[in-house]
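# Structural overview for review
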Amino acid sequence: MVTSSLPLRLNRLSSNCSTVNLWNSQIREAVNKNHPRKALLLFRQMKQNAIEPDNFTFPFVAKACAKLSDPKYSQMIHTHIVKSPFFADIFVETTVVDMYVKSRRIDCAYRVFDEMRDRDVTSWNAMLVGFVQMGFFDRVCGLFCEMGLVGIRPDSVTIMGLTQAVSNSKNLYMLKGIHLFGIKIGVYGDVSVANTWISAYAKCGDFGSAELVFDGIEEGLRTIVSWNSMIGGYANDDKFFNALNFYKYMIGDGFRPDVSTIVSLLSSCKQPEELFQGKLIHSHAIQCGCDLAISVINTLISMYSKCGDVDSARFLFDGMHDRTCVTWTAMIGGYSGKGDMDAALGLFSAMEAVGEKPDLVTVLSLISGCGIIGGLELGKWIDSYAGSNGLKNNVMVCNALIDMHAKCGSIGAAQELFYVMSKRTVVSWTTMVAGCALNGEFREALDLFHEMVELGLRPNHITFLAVLQACTHAGFLEKGWECFNTMIDVYNINPGLDHYSCMADLLGRKGKLKEALDFVQNMPIKPDVGIWGSLLSACKIHRDVEIGEYAAHRLFELDPHMAAPYVEMANIYASAGRWDGVAKMRSMMKCNKVRKFPGQSHVEVNGKTRTFTVEDRDHPEGILIYELLDCLSFQSKEDASHSQHLEGISDHDLR
DNA sequence: GTAGGGTTAG
């Protein structure tokens, strides 16, 4: 029986062999042409035709799954492989590890990797890159050590993985170590390695080293990616002009910009003043034919929104036929960023209606929009939406919600969330400190700050800004100085314009005008309108004509068209009975064609946002509102006189 | 004919 069936089996095997080659080449072609679904379909048809896949089939199919990055398909293919005779093939198993890594199932990837009998450098690299992508820094280090212990020599891919890992944690010291190690094992000539080093150094803020690596790439080996790494590095650090310079050199060197070049340059235009530059890059994108790529359009939508031209953003959005979650989020973010929550929510429901699932970033931008307009009711709704979609396990979402609650005046809810969240980062603490400062809980803000320091967390420049703001608003002069000096001496943080501004404001409010002026005149960075403005306001409170005049003149020099300094100075003159000065300010305003636009505030009533300005009498119940307001300010003055004994809080702060 | 890798968006 055995002998009679043998020729038949052999015959079937050989026919399977030639057929399977045919299927393999078709599947390979589909994968290489970036049609992963077609590849999987071919695989299914192959099985339906009772053709057994071989050790060449599976790596192709696994690659298709990796491209789809859907754990559902990955698991299905893995089951097929386990049942096949090739489950222990090193090539096949390594692709399975990679497939799970790309489907973000790092647990499955590790299980397969761990059970492999045979592993070469490629298998280790696949796993290492997986940990890098997940941001598991400790696992990366652990795996790298282990690989050395079992005698696997790292190669250029290993170095790239390690480089990315340390650049994500912005560890310049370790980056230099890996750079040296790479030179030692001889992979520095690999242009891909050099490219990762360039962007890693840029991410760590060491542009000198980034340029050195760039210059060190052998002439003729430089690729568009090398240029993009340099341009992207500068662009990500908001150094638009350095990025643009490299862009010019790149063109001069005969390279044409690609999608990545355009995206990097566009994403560094985020202020209304940068709209012109953004448009310039847009025109370049059209010239090089990149303007139809979805990532470019998404970035354009975001660029136009951030630069204040939401209509252009919407025009692009409406003209698209393939919108991804990023597209919707960019547009929603555009509306949220300017406080147009009606439009943002309209798009949010439209997005859900077309079946596009909002993700973390979508929700984050809606939350921040609520904070901008002080829309507590809406904020609460998004809070519960985040909760029911499992997003409240995410630190960033919790931080945004804390910020939103604090900005809407609901400090209790902010505190509650802060104490129940499972993991608090420096950002969480900073947000809470700032929230307390904003809501007048100055002591609480300082207590929180000390608590975080005691817990061993390292406050950053934003934390110190929040603490200084608390001190300024509370009028805690000594505490303010203490924090300012601690920041410099203990934490080696260079104070920025905002920190100087806070200190100047604090000194001014406390009536130490001479000291404030001295402080501003001796600061190492050029004082801006904010600093001179707060000094001028302090002069108004303390009726100091002389220093007021000095500050006002600095402001006139910086921007002669700004109305506030003329008005403030006129008030200072008026309170000193200097009517000549008042008249002079009026004529200067006229001469410089200065017009005063009143500032606006927003308040949410019954879910609807209302805008109002100083002396706004437009509301139908205006009279009633102002009566209530008088009543409230009378009450607060009464309260103030009772709490005069509170340390450090002056009468002026309570006006 | 089979595996891991460089820049980039909300």
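As annotated in an unreviewed UniProt entry, chain A carries the name Chlororespiratory reduction 4 and comes from Acer negundo.

## Observations regarding the overall build of chain A
What chain A contains, in helices and strands, is 35 helices and 2 strands. For chain A, with 655 residues in total, the buried portion stands at 44%. At a minimum sequence separation of 6, the contacts of chain A that also span at least 24 residues come to 59%.

## Quick look at the environment of glycine 182
Here glycine 182 lies in helix α10 (residues 172–184). With relative accessibility at 0%, the residue glycine 182 sits in the buried group. The contacts of glycine 182, once residues within four sequence positions are left out, are Ile159, Val187, Tyr188 and Trp197.

## A few points about helix α3 (residues 57–68)
For an α-helix the count is 3.6 residues per turn, leaving residues at separations of three or four pointing the same way. The terminal C-alpha atoms of α3 lie 17 Å apart, and with 12 residues this matches the ideal 16 Å at 1.5 Å per residue to within 8%. Downstream of α3 by a residue or two, serine 69 has a phi angle that is positive, lying close to 40°.

## With respect to the pattern of salt bridges
Counted according to the given criterion, the structure contains 17 salt bridges. Lysine 540 is the partner of glutamate 568 in a salt bridge, and the nearest nitrogen-oxygen pair spans 3.4 Å. Separated by 28 residues along the polypeptide, glutamate 568 in helix α33 (residues 563–575) and lysine 540 in helix α31 (residues 529–541) bring together distant segments of the chain. In this structure, aspartate 580 and arginine 578 form a salt bridge, with 3.5 Å as the shortest nitrogen-oxygen distance.

## Thoughts on the confidence of the model for chain A
Residues at a pLDDT of 70 or more form 89% of chain A, whose mean pLDDT is 89. Low pLDDT (under 50) marks residues 1–14, which in the prediction has 0 contacts with non-local residues, meaning those over four places away or in another chain.

## Let's talk about helix α21 (residues 360–373)
For α21, built from 14 residues, the straight-helix expectation of 20 Å at 1.5 Å per residue is met to within 8% by its first-to-last C-alpha distance of 21 Å. In terms of burial, α21 is a largely internal element, 10 of the 14 residues being buried. Listing the buried residues of α21 in full gives Thr362, Val363, Leu364, Ser365, Leu366, Ile367, Gly369, Cys370, Gly371 and Ile373. The opening residue of α21, the one whose side-chain oxygen lies 3.1 Å from the backbone nitrogen of valine 361, is aspartate 359.

## Some remarks on the protein's contact with DNA strand B
Every one of the 47 residues lining DNA strand B counts as a neighbour, but Asn24, Asp120, Asn125, Asp155 and Asn195 are closest to it. A distance of 3.4 Å separates a sugar or linking oxygen of DNA strand B from a polar side-chain atom of arginine 28. Take serine 260: an N or O atom from its side chain is 2.7 Å from a base oxygen of DNA strand B. Taken together, the residues of the surface near DNA strand B sort by class into 13 nonpolar, 25 polar and 9 charged.

## So, the UniProt feature "repeat: PPR" (unreviewed entry) in chain A
The UniProt record annotates "repeat: PPR" (unreviewed entry) at residues 19–53, 89–119, 120–154, 223–257, 324–358 and 425–459. Within residues 120–154, the helical portion is 77% and the strand portion 0%, while the C-alpha atoms at the span's ends are 10 Å from each other. Secondary structure over residues 223–257 splits into 74% helix and 0% strand, and the C-alpha atoms at its two ends are 11 Å apart.

## Details of the nonpolar core
Counting residues in each nonpolar core, the largest one holds 195 residues, and the members touching the most others are Val97 and Ile301. In this structure, isoleucine 301 is in contact with Ala313, Leu316, Phe317, Met320, Thr327, Ala330 and Met331, ignoring residues within four places of it in sequence.

## Here we look at the environment of glycine 577
Along the polypeptide, glycine 577 turns up in the loop between α33 and α34 (579–591). Overall, the relative accessible area of 37% leaves glycine 577 in the partly exposed class. Separated by 463 residues in sequence, glycine 577 and aspartate 114 place their C-alpha atoms 84 Å apart.

## Focus on the side chain of asparagine 24
Along the polypeptide, asparagine 24 turns up in helix α1 (residues 2–32). The buried category is assigned to asparagine 24, whose relative accessible area is 5%. Among the polar contacts listed, one links the side chain of asparagine 24 to the side chain of aspartate 54, at a separation of 3.1 Å. What asparagine 24 contacts, discounting residues up to four positions off in sequence, is Met46, Asp54, Phe56, Thr57 and Phe60.

## Description of the packing of aromatic side chains
Within a pair of aromatic rings, the relevant descriptors are the distance that separates the centres and the angle that separates the planes. Taken as a whole and assessed by the stated rule, the structure comprises 30 aromatic pairs. Taking the centre distance of 5.1 Å and the plane angle of 85° together, the rings of phenylalanine 113 and tryptophan 124 count as edge-to-face. Taken together, the positions of phenylalanine 113 in helix α6 (residues 106–115) and tryptophan 124 in helix α7 (residues 121–134) put the pair 11 residues apart, joining distant regions of the chain. Considering the side-chain rings of phenylalanine 348 and tyrosine 385, the 5.4 Å spacing of their centres and the 75° angle between planes classify their relative orientation as edge-to-face. Placement of phenylalanine 348 in helix α20 (residues 341–353) and of tyrosine 385 in helix α22 (residues 376–388) is noted, with a sequence separation of 37 residues between them. On the basis of relative accessibility, which here comes to 3%, the residue phenylalanine 348 falls in the buried class. Taking relative accessible area as the criterion, tyrosine 385 reaches 13% and is therefore assigned buried. Among the aromatic side chains, those forming a connected cluster through ring pairs are Phe207, Phe214, Trp227, Tyr234, Phe246, Tyr249 and Phe255. Lying across the ring of tyrosine 110, arginine 139 places its NZ or CZ 5.1 Å from the centre. Taking the ring centre of phenylalanine 317 as reference, the NZ or CZ of arginine 323 above it sits at 4.3 Å.

## Describing the side chain of threonine 158
Summarising the element assignment, threonine 158 is placed in helix α9 (residues 156–168). A polar atom in the side chain of threonine 158 sits 2.9 Å from the backbone nitrogen of aspartate 155.

## What about unusual backbone geometry?
Backbone geometry places asparagine 34, a non-glycine residue, at a positive phi of 65°. In this structure, asparagine 34 sits in the loop between α1 and α2 (36–48). The class for asparagine 34 is exposed, based on a relative accessible area of 51%. For lysine 593, which is not a glycine, the phi torsion comes out positive at approximately 55°. The residue lysine 593 is located in the loop between α34 and β1 (600–605) in this model. Given a relative accessible area of 74%, lysine 593 falls into the exposed group.

Cut-off values and rules
Residues numbered from 1 in each chain as written. Chains lettered and ligands numbered in written order. Predicted model: local features only at pLDDT ≥ 70, side-chain atom pairs only at ≥ 80, totals over all residues. Heavy atoms only, no water. Helix = DSSP H or I, 4+ residues; strand = E, 2+ residues; numbered from the N terminus. Buried < 20%, exposed > 50% of the residue type's maximum accessible area, 1.4 Å probe, protein only. Contact = heavy atoms within 4.5 Å. Expected span 1.5 Å × (residues − 1). Salt bridge = Lys/Arg side-chain N within 4 Å of Asp/Glu carboxyl O. pLDDT = per-residue confidence, 0-100. Polar contact = N/O pair within 3.5 Å; in protein donor to acceptor, adjacent residues only side chain to side chain. Near = heavy atom within 4 Å. Nonpolar A, V, L, I, M, F, W, Y, C, P; charged D, E, K, R; others polar. UniProt positions renumbered as here; feature names shortened; annotations may be inferred. Core = buried A, V, L, I, M, F, W, Y, C linked by side-chain atoms within 4.5 Å. Phe/Tyr/Trp six-rings, centres within 6.5 Å; stacked < 30°, edge-to-face > 60°. Lys NZ or Arg CZ within 6 Å of the ring centre and 35° of its normal.

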